[in-house]
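Listed here are the chains, written in short residue letters.
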Amino acid sequence: KRLKKSSVVDQIVSDLQAQGNVSIAEHSAKFFRTEKGGYGEGDRFLGIRVPNIRATAKKWNIQDVATAEQLLNSEYHEVRFLASIALLQLYPKHKNDVYHTYMSHIGRGINNW
């Protein structure tokens, strides 16, 4: 499944990819039990710690639910986590859209948080 991208989505994903660390990604894959039968089965990681993801979310300050939803379709856990942070920030002004976006991605982009 390909991620539908816009220029902002491309830039955010590239920003996160540049921060990736292979040893952190390997550790995260074990921690989140990504092996067959594990609760995070099939999840992929770039290897970025949560404070850095939060800082990246703050830097990009996503202002629309559509951009966050595109990020939720990423194969990478950290990209989807950043999208969930964006949805949380958007919720006060866009409750209905955020709710429906979040609920429609449970079991797909939102899988184990």
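Because the structure is a prediction, the values reported are computed rather than measured.

Turning to the overall build of the chain, a few remarks are in order. Per the secondary structure count, the chain includes six helices and zero strands. Ordered by position in the sequence, the α and β elements of the chain form the string α-α-α-α-α-α. Rg of the C-alpha trace for the chain: 13 Å, near the compact-globule value of 13 Å for 113 residues, within the 12% margin. Principal-axis analysis of the C-alpha atoms gives the chain an extent of 35 × 30 × 25 Å. Here the chain, with 113 residues, has 42% of them falling under the buried criterion. Of the contacts made within the chain by residues no fewer than 6 positions apart, 70% connect residues no fewer than 24 positions apart. Of the roughly 6,900 Å² of accessible surface on the chain, 52% is carried by carbon and sulfur atoms.

So, on to the pattern of salt bridges. All told, the structure shown has four salt bridges when counted by the stated rule. Notably, a salt bridge pairs Asp15 with Lys59, separated by 2.7 Å at the nearest N-O pair. One end of the pair, Asp15, is in helix α1 (residues 7-19); the other, Lys59, is in helix α3 (residues 50-60), and 44 residues separate them in sequence.

In this structure, Leu16, Leu71, Val79 and Leu82 are the most contacted members of the largest nonpolar core, which totals 24 residues. Of all the secondary structure elements, the ones that give two or more residues to this core are α1, α3, α4 (65-72) and α5 (77-90). Per element, the largest residue contribution to this core is eight residues, and it comes from α5. Beyond its immediate stretch of four places on either side in the chain, Leu71 contacts Val9, Ile12, Val13, Ile62, Val79, Arg80, Leu82 and Ala83.

In the structure shown here, the tally under the stated rule is two aromatic pairs. Plain terms: the ring middles of Phe31 and Phe32 are 5.2 Å apart, the flat faces sit at 80° to each other, and that makes the pair edge-to-face. The exposure class of Phe31 is exposed, given its relative accessible area of 55%. With relative accessibility at 18%, the residue Phe32 sits in the buried group. Between Phe32 and Phe45, the aromatic rings sit 5.3 Å apart at their centres with planes inclined by 25°, giving stacked as the arrangement. Taken together, the residues Phe32 in the loop between α2 (22-31) and α3 and Phe45 in the loop between α2 and α3 connect sequence positions 13 residues apart.

Let's shift gears to α3. Within the span of α3, buried status applies to Ile53, Thr56 and Ala57. In an axial view of α3, the angular spread of the buried residues amounts to 100°, which keeps them on one side of the axis. Residues Pro51, Lys58 and Lys59 are exposed on α3 and point more than 90 degrees away from its buried face. At its buried positions, α3 is contacted by α1 and α5.

Quick notes on the rules
- Residues numbered from 1 in each chain as written.
- Predicted model: local features only at pLDDT ≥ 70, side-chain atom pairs only at ≥ 80, totals over all residues.
- Heavy atoms only, no water.
- Helix = DSSP H or I, 4+ residues; strand = E, 2+ residues; numbered from the N terminus.
- Rg over C-alpha atoms; globule rule 2.2 N^0.38 Å.
- Buried < 20%, exposed > 50% of the residue type's maximum accessible area, 1.4 Å probe, protein only.
- Contact = heavy atoms within 4.5 Å.
- Areas by Shrake-Rupley, 256 points an atom, 1.4 Å probe, with all protein chains shown as cover.
- Salt bridge = Lys/Arg side-chain N within 4 Å of Asp/Glu carboxyl O.
- Core = buried A, V, L, I, M, F, W, Y, C linked by side-chain atoms within 4.5 Å.
- Phe/Tyr/Trp six-rings, centres within 6.5 Å; stacked < 30°, edge-to-face > 60°.
- Arc of directions from axis to C-beta.

These figures come from the coordinates and say nothing about function on their own.
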